[in-house]
Amino acid sequence: MPSFSMSRISENQVTPEEIFFKKRRQMLIAGMLTGSSFLDRTVYAKDGLTSDDENAGALKATPIELITNYNNYYEFSNDKKAVKVLAQDLTLHPWTITVDGEVENPFTIDIDDLTKLFAMEERIYRFRCVEGWSMVVPWTGFSLARLIDRARPTSRARFVAFESVHRRSEMPGQRAGSLIWPYREGLRIDEAMHPLTFAVTGLYGKPLPKQNGAPLRIAVPWKYGFKNPKAIVHIRLVSSQPATSWNILAPSEYGFYGNVNPLVSHPRWSQQRENSIGEMKKHSTLMLNGYADQVAYLYAHNDAKALY
Ligand code: MTE
């Protein structure tokens, strides 16, 4: 497993989940957390919640058993419950990440060195899959902007392209033909540099499980889950919009932006409500997944299409 340094909240590595969250809540109330204001606002975000929203109030993290046993990871299987077992065959060492393209300082770094570079933070984010289900996930990691800054993007860098690992010998789904491999995703550079966009190395204060995208995945909380690539090996700064896996497969169903928008239906289902995994009732889906106050400005100059 990759080494795991947590300079801010290392106690959570040994604290049972319920106590961990109780303690964190007390710390937040006491204003002791040193994270950015985004962190505080995200943990207990009321931003964008509508009055009829059953979610109003503190976000309650989905139990870890559910987050780690119900996974979309097509490199292994399209059966969400089979992914966990199959993903254990993925070798995580050695693992390097290359950041290159339109940058002054391209580099390749080993994942163990990367996790030592930045102080780790925790972010509790809503997670909304385009299929209509949602979770609340306590991720550990660092702002993606820090990694990108290190490469010093040139003025030609307008998008960021992510590539997941391509390893047919360990990934049975890559031997079948569901998507074009490797899994590819992308963001506009201002989206990638936004403080909410998170490079994830852990979950519930522990190293990221293989089925959730170890050793490195991206969390973009205002976008549908498919915009959160797992097992990243390559981050390329590019001048034009990169091709992305689900968009190549079904462009009318999965836009490049993939922003959560309850007003825009998927061609085959409504996006107005969501099934919160682990709860009996459905919830209203929030504009930009509840992060509109923080990110709507990114789309102020786009036509409405940019929102999905
Ligand atoms: N990344 C890779 N490499 N392969 C995938 O199949 N699936 C995406 C995204 N990232 C996927 C991926 C989709 S559709 C979703 S909903 C989320 O991962 C699921 O993340 P989770 O299993 O941690 O809930």
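Keep in mind the model is a prediction, meaning the values are calculated, not measured.

K.L.:
Would you mind going over the sheet that holds strand β2 (residues 107-110) in detail, with residue names and values included?
P.N.:
Taken together, the five strands give an open sheet; going across it, the order is β2-β1-β10-β5-β6, and neighbouring strands pair in mixed fashion. Every interior strand has two partners, whereas the edge strands, β2 and β6 (184-188), have only one. Across the sheet, the mean angle from the axis of one strand to that of its neighbour is 15°, orientation sign disregarded. Packed onto the sheet, helix α6 (residues 144-151) meets β1 (96-101), β2, β5 (159-164) and β10 (232-238) and runs at close to 135° relative to β2.

K.L.:
Give me the lowdown on the pattern of salt bridges, citing residues and values where you can.
P.N.:
Tallied over the entire structure, the rule returns twelve salt bridges. Measuring nitrogen to oxygen at the nearest pair gives 3.1 Å for the salt bridge that ties Arg-156 to Glu-102. Linking Arg-156 in the loop between α6 and β5 with Glu-102 in the loop between β1 and β2, this pair joins segments that are 54 residues apart in sequence. A salt bridge links Arg-268 to Glu-253, with the nearest nitrogen and oxygen atoms 2.6 Å apart. Here Arg-268 is found in the loop between α9 (245-249) and β11 (273-276), whereas its partner Glu-253 is found in the loop between α9 and β11, with 15 residues between them in sequence. When salt bridges that share partners are traced, they join Asp-100, Glu-163 and Arg-236 into one network.

K.L.:
Any details on the site of the ligand? Residues and values, ideally.
P.N.:
Around the ligand, the surrounding shell holds 16 residues, and the nearest of these are Tyr-74, Glu-75, Arg-217, Asn-228 and Lys-230. In the model, a nitrogen atom of the ligand is placed 2.7 Å from a nitrogen or oxygen of the Glu-75 side chain. Measuring from an oxygen atom of the ligand, one finds a side-chain N or O atom of Lys-230 at 2.7 Å. Protein coverage of the free-state accessible area of the ligand, which is 530 Å², stands at 98%. Tallied by class, residues from the shell around the ligand come to seven nonpolar, six polar and three charged.

K.L.:
Give a detailed account of the nonpolar core, specifying residues and quantitative values.
P.N.:
Where a protein is soluble and globular, its nonpolar side chains tend to be buried together. Among the nonpolar cores identified, the biggest contains 77 residues, and Leu-114, Trp-139, Leu-144, Leu-147, Trp-222 and Ile-235 are the most heavily contacted of them. If one sorts the elements of this core by residue count, strand β4 (residues 133-143) sits on top with five residues. Among residues more than four places away in sequence, those in contact with Trp-222 are Glu-191, His-194, Leu-196, Thr-197, Asn-259, Val-260, Leu-288, Asn-289, Tyr-291, Val-295, Leu-298 and Tyr-299.

K.L.:
Now, about the packing of aromatic side chains: what can you tell me, with residues and values included?
P.N.:
Enumeration over the complete set of coordinates arrives at twelve aromatic pairs. Measuring from centroid to centroid gives 4.8 Å for Tyr-73 and Phe-76, while their planes differ by 90°, and the two rings are edge-to-face. With a relative accessible area of 3%, Phe-76 lands in the buried category. With 5.9 Å between their ring centres and 40° between their planes, Phe-127 and Trp-133 make a pair best called tilted. The exposure class of Phe-127 is buried, given its relative accessible area of 14%. Residue class for Trp-133 comes out buried when judged on its relative accessible area of 7%. Aromatic rings pair up to connect Tyr-74, Phe-226, Trp-246 and Tyr-254 into one cluster. Between Arg-126 and the ring centre of Tyr-291, over which it is positioned, the NZ or CZ distance is 5.5 Å.

K.L.:
Got a sec to walk through unusual backbone geometry? Specific residues and values, please.
P.N.:
Between His-93 and Pro-94 the backbone carries a cis peptide bond, its omega angle lying at -5°. Position of Pro-94 relative to the elements: it lies in the loop between α4 (83-87) and β1. Of note, the bond from Ala-214 into Pro-215 is cis; its omega dihedral lies within 30 degrees of zero at 0°. Topologically, Pro-215 is positioned in the loop between β8 (206-207) and β9 (217-219). For Tyr-204, which is not glycine, the phi torsion reads 55° and is therefore positive. Structurally, the position occupied by Tyr-204 is in the loop between β7 (198-203) and β8.

What counts and how
- Residues numbered from 1 in each chain as written.
- Predicted model: local features only at pLDDT ≥ 70, side-chain atom pairs only at ≥ 80, totals over all residues.
- Heavy atoms only, no water.
- Pairing = 2+ DSSP bridges.
- Helix = DSSP H or I, 4+ residues; strand = E, 2+ residues; numbered from the N terminus.
- Axes fitted to C-alpha atoms, helices over the stretch in contact; angles between N-to-C directions.
- Contact = heavy atoms within 4.5 Å.
- Salt bridge = Lys/Arg side-chain N within 4 Å of Asp/Glu carboxyl O.
- Near = heavy atom within 4 Å.
- Polar contact = N/O pair within 3.5 Å; in protein donor to acceptor, adjacent residues only side chain to side chain.
- Areas by Shrake-Rupley, 256 points an atom, 1.4 Å probe, with all protein chains shown as cover.
- Nonpolar A, V, L, I, M, F, W, Y, C, P; charged D, E, K, R; others polar.
- Core = buried A, V, L, I, M, F, W, Y, C linked by side-chain atoms within 4.5 Å.
- Buried < 20%, exposed > 50% of the residue type's maximum accessible area, 1.4 Å probe, protein only.
- Phe/Tyr/Trp six-rings, centres within 6.5 Å; stacked < 30°, edge-to-face > 60°.
- Lys NZ or Arg CZ within 6 Å of the ring centre and 35° of its normal.

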